[in-house]
Amino acid sequence: MTIALRTHSLTKSYGALIALDNFDLDVKQGSIFGLLGPNGAGKTTLIRILTTLMRQSSGEAFIEGLDTRSQGRAIRTMIGVVSQENSLDRYLTARENLELHASLHGMPVARFRRRVDELLELMGLAGRQNDFPDSFSGGMQRRLVVARALLHEPRVLFLDEPTTGLDPQSRRAVWEYVRSIAGNMTIFLTTHYLEEAEHLCDRIAIMDHGRLIAQGTTQELKERLTGGTQYEIEFEGEAERYAALLGTMACVGAITVSGNTVQVGLERWECLSEVVSALNGAPVRRIALRERTLEDVFISLTGAGVRE
């Protein structure tokens, strides 16, 4: 397996605050890798170090075998970055923003003009290419930033919450393009849209308080969850009453109530017949198997509390 991105004991501290704490990570070349974590987990600090915008306090980080501390210039020629900030030049048109970026990367004029045309069309900006970014909506500006990062066909593409502020159609267009180029470059993604990570990424890492706490495929992460098989039981009313009844059964694990729906974890699927028997005569609307989600994994590992 060829490694595109590697960190070893990577640490970054701001005085007493430790943003990254001995962070170890390997990302396979040509993969789509997702990094998840609550606000303040250290995701943006990690990306800033990997993209040579910040130096670590200790430890090592490599992009395609190049050391981020000593080979930053070479790394910057081979990566593309979509940061959380738009960072567009407000005094240049959309097309000029892209052409300037291409020139800075030393792309031949004939080549970058074709790429600019292609990406403006892809992002739905061809009709506004001669307008200034300040006249764009937030979503349009975001699409232009994504186009700029893709322009020079980087070997490693960093996407730090790239679809924030995009409407569903724009988000879909971005991800369809990402899927189409997967394999030709390594894509390192952070996002708060867990369904994006679940359906797009080959592997996912979850971090919190500067530490890596879990990684694997979506299925591998789901298999870490305890609590048995999950079912949703919807009642016409009195859900709390029936939840209390189910709570007395030995084969029933965790129970949560939301409105008229009770979610139960059963130690084994055969327990379902016992539950149905116990609810005989109850006003049940439906009983459905509930598939575990990446959100379930995320909440179980990082907690349900809101972070500042």
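Data block above holds the structure.
What this report covers is the structure whose coordinates are included nearby. None of the values given here were measured: they were computed from a predicted structure. (Residues numbered from 1 in each chain as written. Predicted model: local features only at pLDDT ≥ 70, side-chain atom pairs only at ≥ 80, totals over all residues. Heavy atoms only, no water.)

### Some details on the sheet that holds strand β4 (residues 58-63)
Two orientations exist for strands paired in a sheet by backbone hydrogen bonds: parallel and antiparallel. Put simply, the rule is: Only strands that DSSP links by at least two bridges are regarded as paired with each other. Counting from the N terminus, the helices are DSSP H or I runs at least four residues long and the strands are E runs at least two residues long. In this analysis, two residues are considered to be in contact whenever any of their non-hydrogen atoms come within 4.5 Å of each other. Between N-to-C directions, angles cover 0 to 180 degrees, with each direction set by a line fitted to C-alpha atoms, over the stretch in contact for helices.
Judged by pairing direction, the sheet is antiparallel, and its four strands sit side by side in the order β2-β1-β4-β5 without closing on themselves. Each edge of the open sheet is held by one strand with a lone partner, namely β2 (17-28) and β5 (66-67). Looking at chain direction, strand β1 (residues 3-14) and β4 are connected through five bridges and run antiparallel. In the sheet register, Arg 6 faces β4, and the bridge partner there is Phe 62. Where helix α1 (residues 43-50) meets the sheet, it contacts β1, β2 and β4, and its direction lies at approximately 120 degrees from that of β1.

### Overview of unusual backbone geometry
You will see that Glu 64, though not glycine, has its phi angle at about 50 degrees, which is positive. As for its position among the elements, Glu 64 is in the loop between β4 and β5. Although it is not a glycine, Glu 161 sits at a positive phi angle of roughly 50 degrees. Mapped onto the elements, Glu 161 comes out in the loop between β7 (156-160) and α6 (168-181).

### So, the sheet that holds strand β8 (residues 186-190)
With mixed pairing, six strands are arranged side by side in an open sheet as β6-β7-β8-β3-β9-β10. Looking along the sheet, the strands with just one partner apiece sit at the ends: β6 (79-82) and β10 (211-216). Taken over all neighbouring pairs, the strand axes of this sheet differ in orientation by 15 degrees on average, direction set aside. Strands β3 (32-36), β7, β8 and β9 (203-208) of the sheet are contacted by α1, whose axis makes an angle of about 150 degrees with β8.

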